[in-house]
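Structural features, examined
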Amino acid sequence: SDVCSSDLLLVAGQQPATPAPQPPPITLSELVAQARRSSPFRAGAAAVSSGTRDAAVLAGRPLNPLVDVRSENWTPAGSRSLPLDVWALVTQPLELGGKRAARAGVAQADHVVAAAALATIDRDIAGRTAALYLEALKGRVRSEEHTSELQSQSTISYAVFCLKKK
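Keep in mind that this is a model prediction, so the values were computed, not measured. (Residues numbered from 1 in each chain as written. Predicted model: local features only at pLDDT ≥ 70, side-chain atom pairs only at ≥ 80, totals over all residues. Heavy atoms only, no water.)

1. Remarks on the overall build of the protein
Helix and strand counts for the protein come out as four helices and two strands. In sequence order, the protein lays out its α and β elements as α-α-α-β-β-α. Partitioning the intrachain contacts of the protein with sequence separation of at least 6 by distance along the chain shows that 70% fall at a separation of at least 24. When the accessible surface of the protein is split by element, carbon and sulfur atoms take 63% of a total near 13,000 Å². (Helix = DSSP H or I, 4+ residues; strand = E, 2+ residues; numbered from the N terminus. Contact = heavy atoms within 4.5 Å. Areas by Shrake-Rupley, 256 points an atom, 1.4 Å probe, with all protein chains shown as cover.)

Here it is in structure tokens:
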């Protein structure tokens with residue numbers, strides 16, 4: 001009976017077992033940044049946004065000139081006819097009626113849409129990551145509460161066992 005009461009004092013005054021060392025805590029902002037870096041959807045949206053930005057820059061440039069090389073008076077070798085005529089024609093298309101500005105405006109609008117899609121994906125990733133982070137925190141709190149409850153029930157069970165033994 002003395003052994004049981006001394007054991008009861010040890011169990012009642014005992015500190016919970018030290019848990020295994022845990023990795024350093026990670027913040028929500030670190031998790032969101034990591035999720036954004038590893039998301040293939042975000043990488044695709046970022047590539048589209050970058051491409052539309054480059055297209056918007058190039059859309060305002062004038063059209064390329066055209067070079068046309070022509071020849072006439074083709075005759076068989078050794079023939080005494082007209083000599084072969086060869087010439088080159090260089091043309092520069094000019095856009096009239098605001099076509100160049102319209103093309104640049106459409107390209108700029110495409111970039112705005114792609115940037116908005118990227119921002120939407122960023123917000124979606126942050127929202128999903130935050131929701132999962134909160135679920136993990138809730139699970140951790142529930143686990144700690146359950147562990148504490150189990151430890152107190154173990155202490156009470158041991159105390160009742162010792163009392164019945166008397």
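Following the structure, the description resumes.
2. Re the pattern of salt bridges
Under the defined criterion, the tally for this structure stands at six salt bridges. Between Asp68 and Arg70 there is a salt bridge; the shortest N-O distance is 2.7 Å. The class for Arg70 is partly exposed, based on a relative accessible area of 42%. Taken together, the salt bridges that share partners define one network made up of Arg36, Arg42 and Asp122. (Salt bridge = Lys/Arg side-chain N within 4 Å of Asp/Glu carboxyl O. Buried < 20%, exposed > 50% of the residue type's maximum accessible area, 1.4 Å probe, protein only.)

3. With respect to helix 3 (residues 40–59)
Between its terminal C-alpha atoms helix 3 stretches 28 Å, which fits the 28 Å expected from 20 residues at 1.5 Å a residue. Within the sequence span of helix 3, burial applies to Ala45, Ser49, Thr52, Ala56 and Ala59. The arc that holds the buried residues of helix 3, viewed along the axis, is 90 degrees, so those residues lie on one side. Relative to its buried face, helix 3 has exposed residues pointing more than 90 degrees away, namely Pro40, Ala47 and Val57. A side-chain oxygen of the first residue of helix 3 lies 3.4 Å from the backbone nitrogen of Phe41; this N-cap is Ser39. (Expected span 1.5 Å × (residues − 1). Arc of directions from axis to C-beta. Polar contact = N/O pair within 3.5 Å; in protein donor to acceptor, adjacent residues only side chain to side chain.)

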